[in-house]
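Letter by letter, the chains look like this.
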Amino acid sequence: MTVEQSGKRRVLIIDDEDIIRDSVSTYLEDSGFTVDQAGDGEEGLARFDAHPPDVVLLDLRMPRMDGLEVLEAIAGQLDRVPVIVVTGAGVLQDAVAALRLGAFDYVTKPIVDMAVLEHAVNRALEHTRLLEENRRHQAHLEDEIRSRTQDLHARTEELLAANAELKKEMAIREKTAAALKQSEARLTEIVSIFEGFIYTCDAGFRLDFVNRKLADHVGADVAGRICHLALYGLAEPCPWCRHSDVFVGQTAHTEFYNEKDGRWYDAVQAPVFGGEGQVRNLQAVVLDITDRKATEDWLRQREAQLAEKARRLKSNMRTASRFGNIIGKSRPMQTVYENILKAAESNAHVIIYGESGTGKEMVAKTIHDLSDRGSRDFVTVHCGAIPDNLIESEFFGYRKGAFTGADQDKSGYLEAADGGTLFMDEVGELNLSMQVKLLRAIEGGGYTPIGSSSVRQADIRIVAATHRNLRSSVASGRFRRDFYYRIHVLPIHLPPLRSRKADIPLLVNHFVSDFPHGDRLPVIPQRIIAAMQRYDWPGNVRELQNTVHRYITLGEIDFLDLPQTSDDNIDEAATESARLPSIPCNQPLSDAISAFEKDYIARLLKENQWHRSRVAELLGIDRRTLFRKIKTHGL
Ligand SMILES: Nc1ncnc2c1ncn2[C@@H]1O[C@H](COP(=O)(O)OP(=O)(O)OP(=O)(O)O)[C@@H](O)[C@H]1O
């Protein structure tokens with residue numbers, strides 16, 4: 001069993017005299033101590049380190065290393081291991097030096113009474129115990145103080161933070177209270193000057209609040225009374241009231257007529273929620289809309305009158321023999337007029353079918369003029385005359401630098417026709433890829449000018465025209481089905497002139513009077529008109545118009561079956577010029593060439609029954625170029 005385990009106190013005796021060591025040892029062991037011995041200072045230090053004692057008995061005078069040197073060596077541990085020096089009675093100054101170095105006590109040799117020594121040892125041990133206890137208490141106290149100080153700091157910080165929070169909250173509350181007061185004041189002011197009625201009532205229809213205007217209107221303070229009775233003089237809830245909807249949390253909007261005062265009202269009834277989300281009250285804001293109703297009625301009537309007037313005006317354009325500038329009284333033309341009126345009243349896309357020269361562009365322009373878009377632009381595109389490589393830039397426009405030669409921005413047909421009408425003549429000639437792009441543009445997908453990265457929108461109405469049977473073009477894959485259905489909303493068919501020959505005299509008169517003339521209106525002999533009615537007019541009205549103008553200016557006509565009579569003002573020269581184009585000899589070469597070209601193309605068209613592909617082939621030019629020339633020369 002070790003000393004620590006036995007609980008015995010260990011005493012280290014350092015003395016060079018064996019006899020003293022042994023006698024003290026024996027005594028102390030008998031008194032219950034464990035004793036260690038060392039014969040000099042050096043051995044003493046070694047044993048001190050090997051078996052740390054509880055108390056040291058130290059002789060001062062020893063060989064090699066004396067007691068004072070030992071004291072100096074263990075000076076740092078003297079508060080835990082007390083040292084009692086044993087010294088001769090004659091050298092008390094040694095004892096004083098030892099006490100200065102930190103020895104706890106001293107006893108003098110010879111040790112006469114071992115009990116004195118034991119007493120000194122016990123006192124030293126007690127002193128160390130007390131010191132130790134003191135140290136422990138102090139450490140405990142310091143710990144306690146440290147932890148309480150920390151607590152205190154934490155609490156103080158918490159308090160400071162809470163205080164700051166409280167201050168903030170108080171500031172917000174003060175601000176909110178001020179704002180609330182202000183908005184309450186404003187609300188009260190609004191409610192007091194509000195021109196409508198405001199009231200609230202509970203689930204049992206009992207009025208809780210009525211504004212001044214309403215109290216004035218009913219002539220009494222009706223708060224606390226049943227609303228339908230007090231406000232509308234009804235025994236049952238008002239038929240328009242949405243009380244039950246409001247009390248399940250819904251807001252209701254109603255217009256109603258109040259028989260009691262003969263006025264129209266607009267009411268908004270909404271729930272007022274209580275603290276727990278339940279509907280506490282119904283609040284109603286009721287506005288007198290009698291004047292507004294009257295204005296609406298007046299506007300409706302006015303609109304109907306205006307629409308009627310517009311209808312009449314449009315129909316007035318139509319007489320038995322014409323519709324605006326469109327001449328014709330035949331049955332097929334009457335149908336055309338009906339369709340023009342329908343198309344003008346709608347915003348749907350239109351397709352006009354008819355042979356060349358039947359008046360498709362005229363009809364398109366008339367539809368545009370009579371439609372709501374009439375004040376905006378009517379943009380004509382001759383689809384057959386635009387080369388494929390230019391078609392996209394013509395329709396969509398381009399940005400400066402988009403390609404060589406694009407030295408400035410240019411808008412396309414779509415931009416020009418935005419808000420107006422895009423007349424697509426010869427739509428059957430449009431290539432498939434352009435059909436896709438146009439379809440996207442008119443269906444709201446927009447279009448992108450060449451060289452631009454932004455998509456543009458255009459509000460466009462398409463009025464298309466064609467001499468082709470588009471349905472067969474769809475069947476043969478030359479025309480897209482989706483694009484066809486998009487534009488084939490309102491189809492209008494223009495009859496060829498040969499199927500309405502009764503209109504020829506009217507048309508001839510129209511073209512004669514329309515042609516610049518002096519005081520005397522040229523007269524076309526009856527036999528010529530009769531001959532004209534026998535002819536088939538493959539170039540339709542355009543051909544007739546050209547023929548009439550040619551007759552008036554040149555006195556020539558090229559119907560082979562025309563009998564010659566005396567009322568005829570065709571002269572010999574004119575007969576000659578029927579074979580050769582009559583070109584005045586006082587003009588520049590370019591004009592003369594242009595006149596020749598016009599005449600030559602007109603003749604070929606006539607001879608080939610206006611079959612333009614055949615004429616283009618005969619002329620050795622492509623169809624697009626021929627289309628362009630026909631347009632340029634107004635053929
Ligand atoms: N019913 C008509 N009344 C008066 N003039 C007409 C009539 N129909 C056509 N015209 C005249 O005939 C000419 C050709 O008309 P328009 O250009 O409208 O025909 P189109 O069918 O569009 O021809 P194209 O298919 O070759 O483009 C125009 O000068 C036009 O004024």
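Keep in mind that what you see is a predicted model, and the values were worked out from it rather than measured. (Residues numbered from 1 in each chain as written. Predicted model: local features only at pLDDT ≥ 70, side-chain atom pairs only at ≥ 80, totals over all residues. Heavy atoms only, no water.)

Below, the discussion takes up the overall build of the protein chain. Within the protein chain, the secondary structure is distributed over 24 helices and 17 strands. Against the compact-globule benchmark of 26 Å for 635 residues, the protein chain has a radius of gyration of 62 Å, which places it well outside the compact range. In terms of principal-axis extent, the alpha carbons of the protein chain reach across some 190 × 85 × 45 Å. By the burial criterion, 40% of the 635 residues in the protein chain qualify as buried. The long-range share in the protein chain, meaning contacts at least 24 apart out of those at least 6 apart in sequence, stands at 61%. Within the structure as shown, the protein chain displays about 35,500 Å² of accessible surface, and the carbon and sulfur contribution to it stands at 52%. When the 80 positive and 94 negative side-chain charges of the protein chain are each reduced to one mean point, those points stand 16 Å apart. (Helix = DSSP H or I, 4+ residues; strand = E, 2+ residues; numbered from the N terminus. Rg over C-alpha atoms; globule rule 2.2 N^0.38 Å. Buried < 20%, exposed > 50% of the residue type's maximum accessible area, 1.4 Å probe, protein only. Contact = heavy atoms within 4.5 Å. Areas by Shrake-Rupley, 256 points an atom, 1.4 Å probe, with all protein chains shown as cover. Lys, Arg positive; Asp, Glu negative; His and termini not counted. Charge placed at Lys NZ, Arg CZ, Asp CG, Glu CD.)

The next point concerns the packing of aromatic side chains. How two aromatic rings sit relative to each other is given by the distance of their centres and the angle of their planes. For the structure shown, the criterion picks out 15 aromatic pairs. Ring centres of F197 and Y265 lie 5.8 Å apart, and the angle between their planes is 40°; on these two criteria the pair is classed as tilted. Placement of F197 in strand β6 (residues 197-201) and of Y265 in strand β9 (residues 263-273) is noted, with a sequence separation of 68 residues between them. Neither residue differs from the other here; F197 and Y265 are each classed as buried. Clustering of aromatic rings is evident, with ring pairs tying together F197, Y232, W240, F256 and Y265. Sitting over the ring of W264, K293 keeps its end group 4.5 Å from the ring centre. (Phe/Tyr/Trp six-rings, centres within 6.5 Å; stacked < 30°, edge-to-face > 60°. Lys NZ or Arg CZ within 6 Å of the ring centre and 35° of its normal.)

On to helix α5 (residues 92-100), then. By the burial criterion, the buried members of α5 are D94, A95 and A98. Projected down its long axis, α5 shows its buried positions confined to an angular sector of 100°, all on one face. Every exposed residue of α5 that faces more than 90 degrees away from the buried side is listed here: Q93 and R100. Against the buried residues of α5 lie α4 (67-73), β4 (83-88) and β5 (105-109). One or two positions beyond α5, positive phi appears at G102, with a value near 115°. (Arc of directions from axis to C-beta.)

Below, the discussion takes up empty space enclosed by the protein. The method is simple in principle: a probe with the dimensions of a water molecule rolls over the atoms, and the space it marks as empty is what remains. Within this structure, the stated rule accounts for three cavities of 30 Å³ or more. In this structure, the largest cavity encloses a volume near 50 Å³. Looking at the lining of the largest cavity, the elements that each hand over two or more residues are α7 (212-218) and α8 (227-232). With three residues, the single largest contributor to the lining of the largest cavity is α7. In the lining of the largest cavity, the residues fall into six nonpolar, two polar and one charged. Looking at the second largest cavity, the residues that line it are I13, I14, D15, I20, V24, L57, L58, D59, V86, I111 and L117. Of all the secondary-structure elements, those providing two or more residues to the lining of the second largest cavity are β1 (10-14), α2 (18-30) and β3 (55-59). Looking at the lining of the second largest cavity, the element that brings in the most residues is β3, giving three residues. When its residues are assigned to classes, the lining of the second largest cavity shows nine nonpolar, no polar and two charged. (1 Å grid on protein atoms, 1.4 Å probe; cavity = no way out; pocket = protein on both sides within 12 Å on 5 of 7 lines; lining within 4 Å. Points joined across faces, edges and corners; volume = space filled by probe spheres on them. Nonpolar A, V, L, I, M, F, W, Y, C, P; charged D, E, K, R; others polar.)

Next up on the list: unusual backbone geometry. A cis amide bond, omega -15°, links K109 with the succeeding residue P110. Positionally, P110 belongs in the loop between β5 and α6 (114-193).

The residue S330 is located in the loop between β12 (326-327) and α11 (331-345) in this model. Classification of S330 as buried rests on a relative accessible area of 10%. Looking at S330, its side chain comes within polar contact range of the side chain of D503, at 2.6 Å. Setting aside anything within four residues of it in sequence, one finds S330 in contact with R500 and D503. (Polar contact = N/O pair within 3.5 Å; in protein donor to acceptor, adjacent residues only side chain to side chain.)

Around the ligand lies a shell of 21 residues, among which I327, S356, K360, Q545 and K631 are the nearest. Between an oxygen atom of the ligand and a main-chain N or O atom of E361, the distance comes to 3.0 Å. Taken together, the residues of the shell around the ligand break down into six nonpolar, six polar and nine charged. (Near = heavy atom within 4 Å.)

On the basis of which strands lie adjacent, the open sheet formed by five strands has the order β7-β6-β10-β9-β8 and antiparallel pairing. Each edge of the open sheet is held by one strand with a lone partner, namely β7 (207-210) and β8 (252-258). Between one strand and the next, the sheet's axes are offset by a mean angle of 25°, whatever the strand orientation. Summarising the sheet, β6 and β7 pair through three bridges and their orientation is antiparallel. In the sheet register, Y199 faces β7, and the bridge partner there is V210. (Pairing = 2+ DSSP bridges. Axes fitted to C-alpha atoms, helices over the stretch in contact; angles between N-to-C directions.)

If you look at the biggest cluster of nonpolar residues, it comprises 32 residues, and the most contacted ones within it are F395, L414, L422 and M424. For this core, the element with the highest residue contribution is helix α15 (residues 432-445), accounting for five residues. Excluding residues within four positions of it along the chain, L422 makes contact with V379, V381, F395, Y413, L414, A417, I460, R461, I462 and V463. One finds L207, L214, C227 and W240 within the second-largest nonpolar core, a separate group that totals 24 residues. (Core = buried A, V, L, I, M, F, W, Y, C linked by side-chain atoms within 4.5 Å.)

Take the pairing of strand β13 (residues 350-353) next. Every second residue of β13 is oriented toward a common face, with V350 and I352 on one face and I351 and Y353 on the other, all of them buried. By the bridge criterion, four bridges tie β13 to strand β17 (residues 490-493) in an arrangement that is parallel. Among the inter-strand pairings, I352 is bridged to a residue of β17, identified as I492.

We now examine the UniProt feature "modified residue: 4-aspartylphosphate" (unreviewed entry) in the protein chain. UniProt records the feature "modified residue: 4-aspartylphosphate" (unreviewed entry) at D59, using the numbering of this structure. Of note, D59 is situated in strand β3. If sequence neighbours within four positions are ignored, D59 has contacts with I14, D15, D16, G67, V86 and K109. (UniProt positions renumbered as here; feature names shortened; annotations may be inferred.)

Here we come to the packing of helix α18 (residues 504-514) against helix α20 (residues 540-554). In contact at an axis separation of 10 Å, α18 and α20 are set at 50° when each is read in the N-to-C sense. On the basis of the axis angle, α18 is oblique to α20. In terms of crossing hand, the pair formed by α18 and α20 is right-handed. The segment α18 lies against α20, with I504, L507, V508, F511 and V512 engaging V541, L544, Q545, V548, H549 and I552. (Parallel < 35°, antiparallel > 145°, perpendicular 65-115°, else oblique. Left-handed = near helix turned anticlockwise from the far one by under 90°.)

Bringing a nonpolar patch on the surface into the picture now. There is a patch of nonpolar side chains on the surface, built from L92, L99 and Y106 and spanning about 220 Å² of accessible area. By the secondary structure assignment, L92 is in helix α5. Classification of L92 as partly exposed rests on a relative accessible area of 37%. (Patch = residues over 30% accessible without salt bridge, like charges linked within 9 Å, V, L, I, M, F, W, Y side chains within 5 Å. Salt bridge = Lys/Arg side-chain N within 4 Å of Asp/Glu carboxyl O.)

Looking now at the sheet that holds β13. Strand order in the open sheet formed by five strands is β14-β15-β16-β13-β17, with parallel pairing between adjacent strands. Taken across any chain shown, the strands that pair with only one partner, and hence form the sheet edges, are β14 (378-382) and β17. Each adjacent strand pair in this sheet contributes to an overall mean axis angle of 20°, direction not counted. Helix α12 (residues 360-370) rests against β13, β14, β15 (421-425), β16 (461-466) and β17 of the sheet, and its axis sits at about 155° to β14.

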